[in-house]
Amino acid sequence: MIPVEHAMVASRELPNSRLEIFEDAGHFPQLHEPVRFAHTLIDFIESSEPTRMEFTDADFDHMRRLLLRGKP
């Protein structure tokens, strides 16, 4: 649900990602093509392993500071 150019870069950089492009759907593919969106999402969930991540309180604090700071 990001610009196609950004999606292509993100897809290359994110291991095990899957890029699905919904033409002319803008930021709301779930509204423009709800059945295709649902099938795509279900297939992704059923065919991929969830990422396991553990965060410490310090990690969350660092992330919060970065988000509050915004763009450099």
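Small disclaimer: the values here were computed from a predicted structure and weren't measured. (Residues numbered from 1 in each chain as written. Predicted model: local features only at pLDDT ≥ 70, side-chain atom pairs only at ≥ 80, totals over all residues. Heavy atoms only, no water.)

Trainee: Is there a simple way to explain the overall build of the chain in this structure?
Mentor: Of the regular secondary structure elements, the chain holds four helices and zero strands. For the chain, whose C-alpha radius of gyration is 16 Å, the value lies well above the compact-globule estimate of 11 Å for 72 residues. Going through the 72 residues of the chain one by one, you find that 7% of them count as buried. Counting contacts in the chain only where the partners sit at least 6 residues apart, residues at least 24 apart contribute 29% of the total. Accessible area of the chain: about 6800 Å², with a carbon and sulfur share of 59%. The chain carries 8 positive and 13 negative side-chain charges, and their two centres are separated by 8 Å. (Helix = DSSP H or I, 4+ residues; strand = E, 2+ residues; numbered from the N terminus. Rg over C-alpha atoms; globule rule 2.2 N^0.38 Å. Buried < 20%, exposed > 50% of the residue type's maximum accessible area, 1.4 Å probe, protein only. Contact = heavy atoms within 4.5 Å. Areas by Shrake-Rupley, 256 points an atom, 1.4 Å probe, with all protein chains shown as cover. Lys, Arg positive; Asp, Glu negative; His and termini not counted. Charge placed at Lys NZ, Arg CZ, Asp CG, Glu CD.)

Trainee: Just to check I follow, could you spell out the environment of S11 for this structure?
Mentor: Structurally, S11 is set in helix α1 (residues 4–13). The contact partners of S11, leaving out residues within four places of it in the chain, are S17 and L19.

Trainee: Looking at this structure, how should I read a nonpolar patch on the surface?
Mentor: A grouping of M53, F55, F60, M63 and L67 is seen on the molecular surface, where their side chains present a nonpolar patch of about 540 Å² in accessible area. Mapping F60 onto the fold places it in helix α4 (residues 57–69). F60 gets classed as partly exposed once you look at its relative accessible area, which sits at 45%. (Patch = residues over 30% accessible without salt bridge, like charges linked within 9 Å, V, L, I, M, F, W, Y side chains within 5 Å. Salt bridge = Lys/Arg side-chain N within 4 Å of Asp/Glu carboxyl O.)

Trainee: Teacher, can you tell me more about the side chain of T40 here?
Mentor: Structurally, the position occupied by T40 is in helix α3 (residues 34–47). Relative accessible area serves as the criterion here: at 18%, T40 is assigned to the buried category. Apart from residues no more than four positions distant in its own chain, T40 is found in contact with R18, E20 and F22.

Trainee: Quick question: what am I supposed to make of the pattern of salt bridges here?
Mentor: Pairs can form between side chains of opposite charge once their charged atoms are near each other. According to the stated counting rule, one finds three salt bridges in the structure shown. Residues D43 and R18 are paired through a salt bridge, measuring 2.6 Å at the closest nitrogen-oxygen approach. Here the residue D43 occupies a position in helix α3, and R18 occupies one in the loop between α1 and α2 (29–32), the gap between them amounting to 25 residues. The partner of R36 in a salt bridge is E20, with the nearest N and O atoms 3.6 Å apart. In this pair, R36 is assigned in helix α3 and E20 in the loop between α1 and α2, connecting sequence segments 16 residues apart. What makes E20 partly exposed here is its relative accessible area of 35%.

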